[in-house]
Amino acid sequence: MTLDTSSALLRSLHDPAEFTLTFELVPGRGGRSRALTRTLDLAARLAAGGRFQAMSITENAGGHPALSPEALGAEVRAMGLEVIIHFTCKDKNRNQMESMLFSWDRQNLHNLLVLAGDYPKQGYQGFPKPVFDLDTVHALDMISSMNRGESGICRGMEDITPTSFSKGVAVSPFKLHEAELVMQYNKLRRKVAAGADYVITQVGFDARKFEELLLFMKHSGLAVPVLGNVFVPSLAVAEHMYRGRVPGCVLSRALFEEMREEARGRDGGRRARLIRAAKLLAVLKGLGYAGAHIGGPGLSGEDLDFLLAETEAIAADWRLFVPQLADWPEEAFWYFSKNTRTGLNEPEPGPRPAGRRFVPAYEAARTVHNLCFTPGGSLFGLSRKACLALDESRFQGLFQHYEHLVKMLLFGCRNCGDCTLSELAFLCPQSGCAKNILNGPCGGSRDGWCEVYPGKRRCLYVLAYERLKTHGLEGIMGEGYVPPRNWALNDSSSWVNFFRGRDHTAARREVG
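Residues numbered from 1 in each chain as written. Predicted model: local features only at pLDDT ≥ 70, side-chain atom pairs only at ≥ 80, totals over all residues. Heavy atoms only, no water.

Student: Hey, could you go over the overall build of the chain for me, with residue numbers and the actual values?
Tutor: The helix and strand tally for the chain stands at 17 helices and ten strands. Relative to the globule expectation of 24 Å for 512 residues, the C-alpha radius of gyration of the chain, 24 Å, shows essentially globular dimensions. Here the C-alpha coordinates of the chain stretch approximately 80 × 50 × 50 Å along the principal axes. Taking all 512 residues of the chain together, 54% fall into the buried category. Sequence-distant contacts, at least 24 apart, represent 73% of the contacts inside the chain between residues at least 6 apart. Per element, the accessible surface of the chain, about 23,200 Å² overall, is 53% carbon and sulfur. Charged side chains of the chain number 61 positive and 56 negative; the gap between the two group centres comes to 5 Å. (Helix = DSSP H or I, 4+ residues; strand = E, 2+ residues; numbered from the N terminus. Rg over C-alpha atoms; globule rule 2.2 N^0.38 Å. Buried < 20%, exposed > 50% of the residue type's maximum accessible area, 1.4 Å probe, protein only. Contact = heavy atoms within 4.5 Å. Areas by Shrake-Rupley, 256 points an atom, 1.4 Å probe, with all protein chains shown as cover. Lys, Arg positive; Asp, Glu negative; His and termini not counted. Charge placed at Lys NZ, Arg CZ, Asp CG, Glu CD.)

Student: Outline empty space enclosed by the protein, listing residues and values.
Tutor: Tallying each qualifying case throughout the model produces three cavities of 30 Å³ or more. Of the voids in this model, the largest cavity is the one considered here, and its volume is about 160 Å³. At the level of elements, helix H14 (396-411) and helix H15 (429-432) are the ones that each hand at least two residues to the lining of the largest cavity. Of all the elements, H14 adds the most residues to the lining of the largest cavity, at four residues. When its residues are assigned to classes, the lining of the largest cavity shows eleven nonpolar, eight polar and five charged. Considering only enclosed or pocket space, the second largest cavity measures out at about 130 Å³ in volume. Taken together, 15 residues line the second largest cavity, and the ones lying closest to its centre are Cys 433, Ala 434, Cys 442, Cys 450 and Cys 459. Classifying every residue of the lining of the second largest cavity by side-chain character gives ten nonpolar, two polar and three charged. (1 Å grid on protein atoms, 1.4 Å probe; cavity = no way out; pocket = protein on both sides within 12 Å on 5 of 7 lines; lining within 4 Å. Points joined across faces, edges and corners; volume = space filled by probe spheres on them. Nonpolar A, V, L, I, M, F, W, Y, C, P; charged D, E, K, R; others polar.)

Student: Mind laying out the sheet that holds strand E3 (residues 82-88), listing which residues take part and the relevant values?
Tutor: Around the barrel, which closes on itself, the eight strands sit in the order E1-E2-E3-E4-E5-E6-E7-E8 with parallel pairing between neighbours. Between one strand and the next, the sheet's axes are offset by a mean angle of 30°, whatever the strand orientation. Here strand E4 (residues 111-115) pairs with strand E5 (residues 166-171) via four bridges, running parallel. Bridging from a neighbouring strand, Asn 111 pairs with Ser 166 of E5. Contacting strand E1 (20-25), strand E2 (54-57) and E3, helix H3 (residues 69-78) crosses the sheet at an angle of about 170° to E3. (Pairing = 2+ DSSP bridges. Axes fitted to C-alpha atoms, helices over the stretch in contact; angles between N-to-C directions.)

Student: Can you break down the environment of Leu 344 residue by residue, with the values?
Tutor: Looking at the secondary structure, you find Leu 344 in the loop between strand E9 (336-338) and strand E10 (345-349). On the basis of relative accessible area, Leu 344 is assigned to the buried category, the value being 4%. The spatial distance from the C-alpha of Leu 344 to the C-alpha of Val 199 is 21 Å, given a sequence separation of 145 residues. Once you skip the residues sitting within four places of it in the chain, Leu 344 turns out to touch Ala 207, Arg 208, Glu 211, Leu 287, Trp 318, Arg 319, Val 322, Ser 337, Lys 338 and Asn 339.

Student: Requested: an account of the pairing of E2, with residues and values cited.
Tutor: On a regular strand, one side chain projects to one face of the sheet and the next to the other, so that they alternate. Residues Ala 54 and Ser 56 line one face of E2 and the alternating positions Met 55 and Ile 57 line the opposite face, and both faces are buried. Across four bridges, E1 lies against E2 in parallel orientation. Its bridge partner lying in E2, Leu 25 is registered against Ile 57. For the crossover from E1 across helix H2 (residues 34-49) to E2, the handedness is right-handed. Relative to E3, E2 is paired through four bridges, and the arrangement is parallel. From the neighbouring strand, Met 55 faces E3, where its bridge partner is Val 83. The handedness of the E2 to E3 crossover, carried by H3, is right-handed. (Right-handed = clockwise from strand over helix to strand, strands pointing away.)

Written out as structure tokens, the structure is:
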């Protein structure tokens with residue numbers, strides 16, 4: 001891998017002698033608030049201290065509108081600190097994304113954290129329209145193309161001056177069930193293949209889970225540096241995490257009760273939370289993480305001074321804290337078996353139960369697809385001939401409505417004209433995924449439920465994994481690339497588009 005020498009952050013992450021520290025800033029609403037002044041004062045103090053390599057700046061965190069991250073990023077960068085701009089997919093389409101990237105390249109804001117983003121919450125006069133035109137794998141592919149001087153997602157347009165973005169991504173090892181966890185890791189494979197340069201973990205408080213991610217990456221040959229997330233919650237935020245109100249962040253009842261008891265102290269539990277964070281920071285260093293991503297509401301410069309000093313004092317004894325940082329249930333699915341001697345993991349993946357989810361509708365759809373829409377299938381030629389003939393006849397409109405009706409009743413079809421059912425276990429991401437994601441799940445699910453519809457709708461990728469595992473095909477969800485939806489095909493026949501070579505599958509097959 002050739003490193004981009006313009007990124008001091010990447011140089012630090014790839015320096016084995018350096019433990020990279022980043023800190024997360026969360027802009028609020030408004031561009032001239034006292035809270036923003038305090039945020040900039042803290043950034044100036046951290047810049048002067050020289051111990052942090054970058055400030056990470058969120059984009060509309062929690063789905064709420066806030067100051068755009070590049071505005072704060074430009075001021076922080078002027079202080080001499082590297083900046084990581086959160087680049088999310090929720091609020092902008094692919095053209096707006098590319099336009100923003102040109103602007104950020106112009107402003108020398110070259111470090112990105114590419115995320116799907118929290119589902120948009122209430123804004124001006126109601127709830128906004130979620131965009132999610134691209135998913136994170138699409139965005140990474142677009143940025144990688146721009147770094148090569150290609151025209152990004154707009155194929156066929158003239159080349160551009162190469163950009164030099166470094167691309168971070170997130171992953172959560174903190175998932176209870178096999179399908180959720182393995183799909184997180186499968187998505188990480190796709191992200192690295194699409195050009196991810198580094199990884200930041202989701203929030204968690206379990207040492208063994210943090211090690212699990214490193215072991216998975218080593219076992220899968222994913223040679224990119226990882227920052228562990230060290231989050232210092234207030235008691236109020238801890239309660240939100242415990243009750244499932246923060247997408248993707250899980251905190252156990254036992255740990256919440258422990259924090260609530262600590263909060264009875266004179267300082268409201270602040271020192272105890274900082275010491276816990278110091279222990280986690282020491283463990284991350286001991287495990288071999290490239291660095292840590294630190295954050296939390298209301299942290300002051302003094303808090304961070306205390307946290308780093310405490311970490312330095314206890315770092316050599318990091319193994320002693322492994323049993324104290326055990327905030328994940330033993331009965332959950334673990335990718336690796338437990339090493340009872342160290343309290344961490346064995347080096348090889350553990351056994352998995354066989355797949356047993358038999359879904360008649362899936363089996364029937366799979367059979368029909370193999371017969372009619374797979375080159376070499378016994379009915380492929382006949383299906384192609386019939387579809388093209390009907391498309392050229394006076395029954396063209398009726399045929400298109402018939403297709404839509406059948407697929408709507410069976411799959412909730414939205415008539416996108418560029419069907420991905422066969423790649424997602426015959427589940428439609430346009431109707432079944434709140435974020436319309438095509439290349440693996442977001443990180444917001446909890447206990448197998450969709451982030452947006454908890455308790456009402458199961459995560460589409462959990463369902464897909466369970467269906468595919470029955471046939472031993474779950475591994476394909478970590479391979480390949482499903483391109484973004486082509487809106488020029490909207491409200492047209494996906495069967496005809498398939499046989500005429502107009503859809504996204506055309507590049508992978510010969511259309512005779």
